[in-house]
Amino acid sequence: MKKSLIALAVMAAAGAASAQSSVTLFGIVDATIAHGRASGTGAANKTALANSGYNSSRIGFRGTEDLGGGMAASFWLEGSLGNDDGTAGQRIPVGNQNVLNGASPTNPNGVGDGAGLVFNRRSTVSLSGGWGEVRLGRDYTPSFWNLTVFDPFGTNGVGTTLTLVGPAGGLGTAGNAMAPVGTRGVIVRASNDIGYFLPANLGGFYGQFNYWLGENTFNGANSARDGTGWGGRLGYGAGPFNVAISYARTAYDATPVNPVQPITTTNTFTGAVAPTAAQIAAQRAGDFRTWNIGGQWDFGVAKVMGHYTREQRDSSAGNAGTGIPASGEIDGRGWLLGTLVPVGAGEIRASYSTYKIDAGAGADPRARQLALGYVHNLSKRTALYATAARVQNRNGAAVSLNGATLGTATSSTGYDLGIRHSF
Amino acid sequence: MKKSLIALAVMAAAGAASAQSSVTLFGIVDATIAHGRASGTGAANKTALANSGYNSSRIGFRGTEDLGGGMAASFWLEGSLGNDDGTAGQRIPVGNQNVLNGASPTNPNGVGDGAGLVFNRRSTVSLSGGWGEVRLGRDYTPSFWNLTVFDPFGTNGVGTTLTLVGPAGGLGTAGNAMAPVGTRGVIVRASNDIGYFLPANLGGFYGQFNYWLGENTFNGANSARDGTGWGGRLGYGAGPFNVAISYARTAYDATPVNPVQPITTTNTFTGAVAPTAAQIAAQRAGDFRTWNIGGQWDFGVAKVMGHYTREQRDSSAGNAGTGIPASGEIDGRGWLLGTLVPVGAGEIRASYSTYKIDAGAGADPRARQLALGYVHNLSKRTALYATAARVQNRNGAAVSLNGATLGTATSSTGYDLGIRHSF
Amino acid sequence: MKKSLIALAVMAAAGAASAQSSVTLFGIVDATIAHGRASGTGAANKTALANSGYNSSRIGFRGTEDLGGGMAASFWLEGSLGNDDGTAGQRIPVGNQNVLNGASPTNPNGVGDGAGLVFNRRSTVSLSGGWGEVRLGRDYTPSFWNLTVFDPFGTNGVGTTLTLVGPAGGLGTAGNAMAPVGTRGVIVRASNDIGYFLPANLGGFYGQFNYWLGENTFNGANSARDGTGWGGRLGYGAGPFNVAISYARTAYDATPVNPVQPITTTNTFTGAVAPTAAQIAAQRAGDFRTWNIGGQWDFGVAKVMGHYTREQRDSSAGNAGTGIPASGEIDGRGWLLGTLVPVGAGEIRASYSTYKIDAGAGADPRARQLALGYVHNLSKRTALYATAARVQNRNGAAVSLNGATLGTATSSTGYDLGIRHSF
């Protein structure tokens, strides 16, 4: 239910036979009373008026121009809203700031939490035709799609799948090496992205390929690779069936790269001694990689969906002296199984998700979560919803829900009660 | 005079009988040449091109959806404009940042001065019906309404009532304890607010009740109360007559609460020794409280209006060792008397306002102000205006107008000359 | 091709004969693959997805109200877009932040790079009639117009004229005193500006006069002048011919002004000893001054254009002890010659520009640049473009293109390949 701001003056000026043009103002305002609980010594509960419990709050402008001959140009500018306190750009799910790719959240110049209105959700210009679409700017990574599309809670609110929370750092810092990933890899969105999308009408096949630039100065030193990455997604949907796979990789070179011994074979910048082949391989192994697969079957009485994801950033034995921190090894994996059950004007939502990190010698931190919710649609634009979730941590994992502080007990429970209004 | 961006495309798609929907883009651009003067040794004058001399500069988006059966859903996103220098979110009257409630102005994530566009003036989603309206997000506190509605200058520009400037910290820091209030209490707006509004058509009665969340972790320690508050307003308007009262209270616990001796009877968090009942009472007395009453009578040839306000944050004798600073005692009160006189296409505005703080043993800082202005309407949307005000300080109060630096003389004079254009 | 958001509801409410009112939402999304190269030891190349390679990316709102009698009120709010990474307010050409006039880019409150959406490009309210237009707010300085209008590349992208890059600090810091100018003078835009524009239909003559306020406290001390300035532009255009001259001056007093010996004859603020007349003259000489002249002739097969600019901030011999830094002397000048050649649906663009700084005793840093580009219009709103430029530095000048790091060789080459879409 978007508003099309019809260009009356333009149409009049251009004549009756002109191509149709429109700019659409759109958005979502989603407010939720969010309560989080934990127990045991040191536990603390929290109650907040939060946003984006069902859908991500946002405001945006988009439009399309018909260029003739099947070609079109279009733009899409969409920013997040912290409508509970009037801020913008706030409460992006953890870990999607793409620190190495684009601006840093700790940099006031950046696409961080709580800056004024920025088009951090999507900011693109496109050219499309029968051959597909080329899209430039900031957009979702191809690997994020399977996590959100095949999550009954759409990676929003207290029921957000652990397969997003986990790799984004949500398993906590105590005793696991996965935590830094969220600040390194490009998990949800990539800035400075060049994307190609397959055209529609390929008999159910769909897909995309993306390349994002870290925008570091390139001179042969590996540190120039930081934040540059690529990924792809290929799917097939027909009738009640939909399945897709994706892969993505973002370069991560240890920071700081030792300028005396850069990890490169050809270095014209400093004239330093070239590293060994083993050192180079070790450096490459530090890149953040993710692949996942997801699918859904619509049985009519219910949609059943699931996905599996794996994230890796290894350090081989040869990393001594390369500048890669010893804590850099990660190998995480998780899965979700969920369902959506239509009930009159509403929908029941349920999911079970789990994520585990292989921390090498020590115990592997892992968490599992059960989430249950109901959405009642007052109209196509307005809905009331309630969600409850409970997470159980093991081996030092520290996922808490809705801002609760974990105590000696390892579980946390969270509730959302809210309203979603779109325009 | 708001623009309704009629959703032609949506209406066409939804069919002729669909419910009416619209999104409105609205705003005000108000620029003023602001000059402030002071005299005596150390005095300094200032001239600026400022904003919001007559009405607060702003830009916003709002809309309503008819849900049928008398129900409606709506949203309102409105941010301030610093149109003199292109910034946004700037020059909010002092003290309304709700530091403890929502984001801090010193926090770059926050709803502070000069951040990029944030919807800091209002950011709400509502559900309404014959039973009234429930509104969630950031909005005016109930107690602010009487100060602005019953001020001929609408708490904007150099003539802004001292009953707002005073409790917000405007009386200065020298020798008075009121100054910190502005950084503590929720005076103008509250974030994370849950509001209920009475329906219209109650025979002239109107009212609202609000509860705002400080969003601190709750574990029984009193510090979790910080920034949480509530307030209400009840009024009656009929014919030329309008009167309203309000009360509001925001929790303020001394910062930092001594973690060794938290002010609480039940503390499962640290296991510390519980405080005495006297200590708890002392802590509660530190909350920021305000109540006020205002009214107006429209005589036709002139509207006469006035209001009285009182703000309190006491410290009882038992606060030794509780962590409440000794300077925490405040007890301020003030009043305004003003008038609006229509003159052809224009309006004369005049007010006298005063505010005083009971500083305990020392002399009580106080200030009084006379303001006079004229607004000339070029149309309903566009007006030219001029305002002059003079403030007189006593006993260490330090209100200066339009950025002048006070000298040894205690008075300050300010002038606004500007244009207000709304869309 | 702007969208006029016709106020249907307003027009209906106001009746059929009401004055026409409209608010226009407009913008440009321009994305470019930007590559910069340099050579020699220490050189480093860079590739980025950037914005504004052809036109400055932006989003804005503007509108006009007919007041009757030939009078109109209007507003214009326009902010820049960093659409490559979703930020706003980013990649304003260097040096236009008007540090002394309005907010500082290092101040998070300011109109700096990368803040959330701010209306940093233009933020004005106007009143106009047969006598011209008075405009209040943030706007271009009169002296910037000749640089951008008479540059084939419109001061955007890798081909931006050195006559802008040079005075804005682009010639680097090594061995030249021009660098700080960009942080001192008001080169591109001024905040807190009061402008007057001549009416149209003066037989081809056009012009403007602007006065911008530094908004420092005025008490007779010269430091109160900081950032205050004025400027004017006068032009004549008829048929294929167009020429304009401009002058601007912004006060710059050495920072910090010595409070013990302020540069003033009458100082009631500190009661300090008044400076000598020579010291005052020296101080005034530190003001940033610029003047330029530009013109264009449209031969039909090609437009030929050029401009000359000079910037000055002197320090006379008497500045010892005045607080003016010894490195404060600058005297820069440069010129551009360029052409635009229409080719079918496209346009070839070419320019040669140069800038030099008289650094006093040492060698004078200077740079020269050749730029060549082609724009292919897919429609009036959408274009593809490619630009190449090469800059040559001498005597310590350090201009690099598209973020390349200069090596021992003094030249840099840059390429833009992009798409511009307006709405």
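Residues numbered from 1 in each chain as written. Chains lettered and ligands numbered in written order. Predicted model: local features only at pLDDT ≥ 70, side-chain atom pairs only at ≥ 80, totals over all residues. Heavy atoms only, no water.

Undergrad: Residues and numbers for the overall build of chain A, please.
TA: Along chain A, the regular secondary structure elements total 4 helices and 20 strands. Among the 423 residues that make up chain A, the fraction classed as buried is 59%. In chain A, of all internal contacts separated by at least 6 residues, the share reaching a separation of at least 24 is 61%. Carbon and sulfur atoms form 61% of the exposed surface of chain A, whose accessible area is close to 14900 Å². (Helix = DSSP H or I, 4+ residues; strand = E, 2+ residues; numbered from the N terminus. Buried < 20%, exposed > 50% of the residue type's maximum accessible area, 1.4 Å probe, protein only. Contact = heavy atoms within 4.5 Å. Areas by Shrake-Rupley, 256 points an atom, 1.4 Å probe, with all protein chains shown as cover.)

Undergrad: Outline unusual backbone geometry, listing residues and values.
TA: With a phi angle near 55°, Asn395(B) is a residue other than glycine that sits in the positive phi range. A positive phi is found at Asn402(C), a non-glycine position, where the angle reads about 50°. Tracing the sequence through the fold places Asn402(C) in the loop between β19 (382-394) and β20 (411-422). Overall, Asn402(C) belongs to the buried group, its relative accessible area being 16%.

Undergrad: Pulling in residues and values, what's your account of the packing of aromatic side chains?
TA: Within the structure shown, the criterion is met by 42 aromatic pairs over all chains. When the centroid spacing of 6.2 Å and the interplanar angle of 35° are considered together, the rings of Trp297(B) and Phe299(B) count as tilted. Considering the side-chain rings of Trp335(B) and Tyr352(B), the 5.4 Å spacing of their centres and the 45° angle between planes classify their relative orientation as tilted. In this pair, Trp335(B) sits in strand β16 (residues 330-343) while Tyr352(B) sits in strand β17 (residues 346-357), placing the two residues 17 residues apart along the sequence. Members of the aromatic cluster, each reached through a chain of ring pairs, are Phe61(A), Phe119(A), Phe61(B), Phe119(B), Phe61(C) and Phe119(C). When the ring centre of Trp76(A) is taken as reference, the NZ or CZ atom of Arg62(A) above it lies at 4.7 Å. Geometry around Phe26(B) places Arg62(B) over its ring, the cationic atom sitting 4.4 Å from the centre. (Phe/Tyr/Trp six-rings, centres within 6.5 Å; stacked < 30°, edge-to-face > 60°. Lys NZ or Arg CZ within 6 Å of the ring centre and 35° of its normal.)

Undergrad: Can you tell me about the nonpolar core, naming the residues and giving the values?
TA: Counting residues in each nonpolar core, the largest one holds 60 residues, and the members touching the most others are Ile59(A), Phe61(A), Ile59(B), Phe61(B), Ile59(C) and Phe61(C). Filtering out sequence-adjacent residues up to four positions away, Ile59(C) remains in contact with Phe61(A), Leu77(A), Phe119(A), Leu25(C), Phe26(C), Gly27(C), Leu77(C), Glu78(C), Gly79(C), Leu81(C), Leu117(C) and Phe423(C). (Core = buried A, V, L, I, M, F, W, Y, C linked by side-chain atoms within 4.5 Å.)

Undergrad: How would you summarise the pattern of salt bridges if you had to cite specific residues and measurements?
TA: One side chain can pair with another of opposite charge once the charged atoms of both are near each other. Within this structure, the stated rule accounts for 18 salt bridges over all chains. For the salt bridge of Arg135(B) with Asp139(B), the shortest nitrogen-to-oxygen distance reads 2.7 Å. By relative accessible area, Arg135(B) is classed as buried at 12%. Across the pair Arg121(C) and Glu78(C) runs a salt bridge, and its minimum N-O distance is 2.6 Å. Of the two residues, Arg121(C) is situated in the loop between β6 (87-88) and β7 (122-129) and Glu78(C) in strand β5 (residues 71-82); the sequence distance between them amounts to 43 residues. On the basis of relative accessible area, Arg121(C) is assigned to the buried category, the value being 8%. (Salt bridge = Lys/Arg side-chain N within 4 Å of Asp/Glu carboxyl O.)

Undergrad: Which residues make up the confidence of the model for chain A, and what values go with them?
TA: Residue and element names in this part refer to chain A. Per-chain confidence: chain A averages 78 in pLDDT, with 68% of residues scoring 70 or above. Contacts of residues 254-274 to residues separated by more than four positions or lying in other chains number 42 contacts, the stretch itself having pLDDT below 50. In this model residues 316-327 is a low-confidence stretch, pLDDT under 50, and it forms 18 contacts with partners more than four residues away in sequence or in other chains. Interface confidence in the predicted complex, given as ipTM, is 0.86; pTM for the same model is 0.88. (pLDDT = per-residue confidence, 0-100.)

Undergrad: Would you mind going over helix α2 (residues 142-149) of chain B in detail, with residue names and values included?
TA: Of all 8 residues that make up α2(B), 6 are buried, and the element is covered over most of its length. Looking at α2(B), one finds that the buried residues are Pro142(B), Ser143(B), Phe144(B), Asn146(B), Leu147(B) and Thr148(B).

Undergrad: An account of the pairing of strand β18 (residues 366-377) of chain C is needed here, citing residue identities and associated values.
TA: Along any regular strand the residues' side chains alternate between the sheet's two faces. Residues and elements named next belong to chain C. In the sheet, strand β17 (residues 346-357) pairs with β18 via 11 bridges, with the strands oriented antiparallel. Note that in β18 the partner of Thr354 across the bridge is Arg368. Looking at chain direction, β18 and β19 are connected through 12 bridges and run antiparallel. Looking at β19, one finds that Gly373 is bridged to Thr387. (Pairing = 2+ DSSP bridges.)

Undergrad: Summarise the environment of Gly203(C); cite the residues concerned and give the values.
TA: Residues and elements named next belong to chain C. Summarising the element assignment, Gly203 is placed in the loop between β9 (189-197) and β10 (205-212). Take Gly203: its relative accessible area is 58%, and that puts it in the exposed class. Residues Gly203 and Ala238 lie 35 residues apart in sequence; the distance between their C-alpha atoms is 8.2 Å.

Undergrad: Go over the environment of Val391(C) with me, naming the residues and quoting the values.
TA: Residues and elements named next belong to chain C. Following the sequence through the fold, Val391 ends up in strand β19. Along the primary structure Val391 and Thr413 are separated by 22 residues, whereas in three dimensions their C-alpha atoms are 6.4 Å apart. In this view, Val391 contacts Leu162, Ala367, Arg368, Gln369, Val399, Leu401, Thr410, Ser411 and Ser412; residues no more than four positions away in its chain are not counted.

Undergrad: Let's hear about the side chain of Arg135(B): which residues, and what values?
TA: Residue and element names in this part refer to chain B. Here Arg135 shows up in strand β8 (residues 132-140). A polar contact is formed between the side chain of Arg135 and the side chain of Glu133, at a distance of 2.9 Å. Of note is the side chain of Arg135, whose polar atom sits 2.7 Å from the side chain of Asp139. Once you skip the residues sitting within four places of it in the chain, Arg135 turns out to touch Arg122, Thr124, Val125, Ser126, Asp193, Ile194, Gly195 and Phe197. (Polar contact = N/O pair within 3.5 Å; in protein donor to acceptor, adjacent residues only side chain to side chain.)

Undergrad: Now, about the environment of Pro342(B): what can you tell me, with residues and values included?
TA: Residue and element names in this part refer to chain B. Turning to its location among the elements, Pro342 is positioned in strand β16. You can call Pro342 partly exposed: its relative accessible area is 46%. Considering only alpha carbons, one finds Pro342 and Ser57, 285 residues apart in sequence, at a separation of 24 Å. With residues near it in sequence (within four places) discarded, Pro342 still touches Gly300, Val301, Ala302 and Glu347.

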